[in-house]
Amino acid sequence: MKEKNINPEKDASSIRRGLIPFLCSQHCFKICMKMCLLQITGYKQLYLDVESVRKRPYDSDNLQHEELLMKLWNLLMPTKKLNARISKQWAEIGFQGDDPKTDFRGMGILGLINLVIMYPPTAFIHLLFLSGLPDSILANITRYFSENYTSEAHQILSRSNHPKLGYSYAIVGINLTEMAYSLLKSEALKFHLYNFVPGIPTMEHFHQFYCYLVYEFDKFWFEEEPESIMYFNLYREKFHEKIKGLLLDCNVALTLKV
């Protein structure tokens, strides 16, 4: 049997060459595992945060709630004065009755926040006390939406008043809040948020998804050309199924192109 010659330096070098990739792969695995755990726990926390806001009912005796509602009117109808708090004028921005508070029963104050959040940053002063989020996070949300969505939001409001294909802007917005919430609750948003958010998902990302739904629904509605607003529930469900189908893709990341 031939005796093997041992070269300590050469052998040590070989070991190092094999060990370094192994250690790197171990390090990468730990980083990926930590990120996955952050995303999983972050998703659960996001649902709890959204649910907390949704559970807060609109209170007409709460001055801050009333101020936020008036802010919505002023944002949508800047050149028209609201004659009274209880008024048929609310129908002009898509509420069902003379008092909008009845339309917020299902989604609570979350429905109102989402309607306001698509507009300029003055509205966000009123959101600080409502959401319970740190000021730094709210500041980031304010900057993001004011820089990206203001003109598009006004365009959609204008399209909602189309003489033939118009729809109730506020009611549709509240319906889409419910859709975003139900998708989050059912965990259908997991793939989207895991791909879209490199770290922990926050309320900002939930609001971004809501805005995505608003703009995509507006396009969908005009592409479908419903005969009447009376068919809203039918087309809402059709749109809902379309979004759920997109969310089944493990590589999905639904982003709004503005």
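Structural data are supplied above this passage.
Residues numbered from 1 in each chain as written. Predicted model: local features only at pLDDT ≥ 70, side-chain atom pairs only at ≥ 80, totals over all residues. Heavy atoms only, no water.

**Notes on the overall build of the protein chain**
Our working rule: Secondary structure elements follow DSSP: runs of H or I no shorter than four residues count as helices, runs of E no shorter than two count as strands, and numbering proceeds from the N terminus. In this analysis, two residues are considered to be in contact whenever any of their non-hydrogen atoms come within 4.5 Å of each other. Here, Shrake-Rupley sampling with a 1.4 Å probe gives the accessible areas, and only protein chains in the shown set may cover a residue.
When helices and strands are counted, the protein chain shows 10 helices and 0 strands. For the protein chain, the succession of helices and strands along the chain, N to C, is α-α-α-α-α-α-α-α-α-α. In the protein chain, the share of contacts with a sequence separation of at least 24, taken over all contacts with a separation of at least 6, comes to 70%. Carbon and sulfur atoms make up 57% of the accessible area of the protein chain, which amounts to about 14,400 Å² in all.

**Focus on the packing of helix α7 (residues 169-185) against helix α9 (residues 203-224)**
For clarity, the cut-off: Helix axes are fitted only over the stretch in contact, all axes being lines through C-alpha atoms; the angle between N-to-C directions runs from 0 to 180 degrees. Should an angle fall under 35 degrees it is taken as roughly parallel, and over 145 as roughly antiparallel, whereas 65 to 115 is taken as roughly perpendicular and any remaining angle as oblique. By definition, turning the near helix anticlockwise from the far helix through less than a right angle yields a left-handed crossing, and turning it clockwise yields a right-handed one. We call Asp, Glu, Lys and Arg charged. Ala, Val, Leu, Ile, Met, Phe, Trp, Tyr, Cys and Pro are nonpolar, and the rest, Gly among them, are polar.
Contact pair α7 / α9: the axes reach a minimum separation of 9 Å and the direction vectors enclose 125°. The angle between α7 and α9 places the two elements in the oblique class. When the axes of α7 and α9 are compared, the crossing they make is right-handed. Note on element contacts: α9 touches α7 through F206, F209, Y210, L213, V214 and F217, opposite V172, G173, L176, T177, M179, A180, Y181, L183 and L184. Broken down by class, the residue content of the contact of α7 with α9 amounts to 13 nonpolar, 2 polar and no charged.

**Looking at the side chain of R85**
Short version of the rule: We define a polar contact as two N or O atoms separated by no more than 3.5 Å, with the added condition that, inside protein, one atom must be a possible hydrogen donor and the other a possible acceptor, whereas residues neighbouring each other in sequence contribute only through side-chain atom pairs.
Mapped onto the elements of the fold, R85 is located in the loop between α2 (63-76) and α3 (108-117). Of note is the side chain of R85, whose polar atom sits 2.8 Å from the side chain of D99. Each residue touching R85, except ones within four places of it in the same chain, is listed here: Y58, S60, E66, L69, M70, W90, D98, D99, P100 and K101.

**Remarks on the packing of aromatic side chains**
Stated formally: Only centres within 6.5 Å qualify two rings of Phe, Tyr or Trp (six-membered ring in Trp) as a pair; their planes then separate them into stacked at under 30 degrees, edge-to-face at over 60, and tilted for everything else. Should the NZ of a Lys or the CZ of an Arg lie within 6 Å of a ring centre and within 35 degrees of the ring normal, that charge is described as sitting over the ring.
Counted by the stated rule, this structure contains 16 aromatic pairs. The positively charged end of K190 is found above the aromatic ring belonging to Y43, 5.8 Å away from the centroid.

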